[in-house]
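Below are the chains, spelled out letter by letter.
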Amino acid sequence: MQQLLFAVIFWEMALILVLLFKTPLRKLVILGLDRVKRGHGPIMVKTVAGTVVIVLISSVYSMTKIQKRWIDEGALNPTDQVLMAKHLLEATLMGASLFLALMIDRLHHYIRELRIRRKSMEAVKKQTRGSEDGKDELKALEEETATLRAKLKQLESELETRTKELNASEVNAVALRKQSEGFLLEYDRLLEENQNLRNQLQSLDRRLSHSGSKKNT
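If you're wondering where the values come from, they're calculated on a predicted model, not measured in any experiment.

Caption draft 1: Summary view of the side chain of E12. Its place among the elements puts E12 in helix 1 (residues 2-20). Those residues in contact with E12, other than ones at most four positions away along the chain, are A96, S97, L100, A101 and I104.

Right, here's the structure in full:
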């Protein structure tokens with residue numbers, strides 16, 4: 001019996017894992033559970049669950065009897081210890097199998113409810129999609145108009161900025177032109193002064209050379 005309970009528990013755990021993740025295998029499991037819950041399936045499931053509950057109660061009752069005997073006698077013989085461990089293991093396995101079966105039932109129920117809700121939501125969306133198409137187009141046109149207005153304002157601000165920069169560059173060019181003209185005038189004046197100084201130096205050299213020639217004679 002323990003091997004059978006272990007197999008049932010592992011099978012139930014595998015079903016729970018399949019139901020938790022969206023895979024093609026989950027559809028097959030859901031279809032199988034749908035068929036089990038139709039016709040005579042619920043009666044068979046309830047019969048099996050009732051039998052497991054009765055056996056579980058019997059195991060718990062046997063454990064209470066062994067425990068009372070232990071309290072009365074003050075010690076347990078090896079046979080009672082083996083029976084106590086056997087009943088405890090079986091009761092634990094049966095409780096776990098019932099709990100996992102309840103989880104499978106609830107998961108199947110919630111998945112079906114979710115599928116029904118999704119289908120109803122899709123139907124509502126299809127009904128409202130026709131009326132929302134015109135609103136969506138109008139909203140799209142309004143958004144496009146707002147975008148174009150924003151771009152127009154941006155272009156106007158860029159044009160104003162470029163105009164200011166151009167005016168500033170023209171002012172700077174005029175100032176640089178005036179400054180270069182002043183530099184040219186200053187350069188001409190310096191050239192003229194340089195030429196005058198050279199002429200004066202040449203006249204001084206001539207005088208010095210003429211006076212030197214007189215002294216030699």
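Now that the structure is up, let's keep going.
Caption draft 2: Fine view of a nonpolar patch on the surface. A cluster of nonpolar side chains, F6, F10, M13 and L89, forms an exposed patch at the surface whose accessible area comes to about 370 Å². The element that contributes the greatest number of residues to the nonpolar patch is helix 1, accounting for three residues. Inspection of the secondary structure puts F10 in helix 1. What makes F10 exposed here is its relative accessible area of 55%.

Caption draft 3: Quick peek at the nonpolar core. Counting 19 residues, the largest nonpolar core has I16, L19, V29, L33, M94 and I104 as its most contacted members. It is helix 4 (residues 78-216) that contributes the most residues to this core, seven residues altogether.

Caption draft 4: The pattern of salt bridges, seen in detail. Counted by the stated rule, this structure contains five salt bridges. As a salt-bridge pair, D105 and R106 come within 3.1 Å of each other at their nearest N and O atoms. With a relative accessible area of 34%, R106 lands in the partly exposed category. Put simply, E193 and R189 hold a salt bridge, and the shortest N to O gap is 2.5 Å. Linking E193 with R189, this pair stays in helix 4, spanning four residues, or about one helical turn. For E193, a relative accessible area of 38% puts it in the partly exposed group. We classify R189 as partly exposed; its relative accessible area is 37%.

Caption draft 5: A look at the packing of helix 1 against helix 2 (residues 24-36). The N-to-C vectors of helix 1 and helix 2 enclose an angle of 120 degrees; their axes lie 8 Å apart at closest approach. Considering the angle they form, helix 1 stands oblique to helix 2. The handedness of the crossing between helix 1 and helix 2 comes out as left-handed. On helix 2, the residues that touch L15, V18, L19 and L20 of helix 1 are L25, R26, V29, I30 and L33. Considering only residue class, the contact of helix 1 with helix 2 consists of eight nonpolar, no polar and one charged.

How each quantity is defined
Residues numbered from 1 in each chain as written. Predicted model: local features only at pLDDT ≥ 70, side-chain atom pairs only at ≥ 80, totals over all residues. Heavy atoms only, no water. Helix = DSSP H or I, 4+ residues; strand = E, 2+ residues; numbered from the N terminus. Contact = heavy atoms within 4.5 Å. Patch = residues over 30% accessible without salt bridge, like charges linked within 9 Å, V, L, I, M, F, W, Y side chains within 5 Å. Areas by Shrake-Rupley, 256 points an atom, 1.4 Å probe, with all protein chains shown as cover. Salt bridge = Lys/Arg side-chain N within 4 Å of Asp/Glu carboxyl O. Buried < 20%, exposed > 50% of the residue type's maximum accessible area, 1.4 Å probe, protein only. Core = buried A, V, L, I, M, F, W, Y, C linked by side-chain atoms within 4.5 Å. Axes fitted to C-alpha atoms, helices over the stretch in contact; angles between N-to-C directions. Parallel < 35°, antiparallel > 145°, perpendicular 65-115°, else oblique. Left-handed = near helix turned anticlockwise from the far one by under 90°. Nonpolar A, V, L, I, M, F, W, Y, C, P; charged D, E, K, R; others polar.

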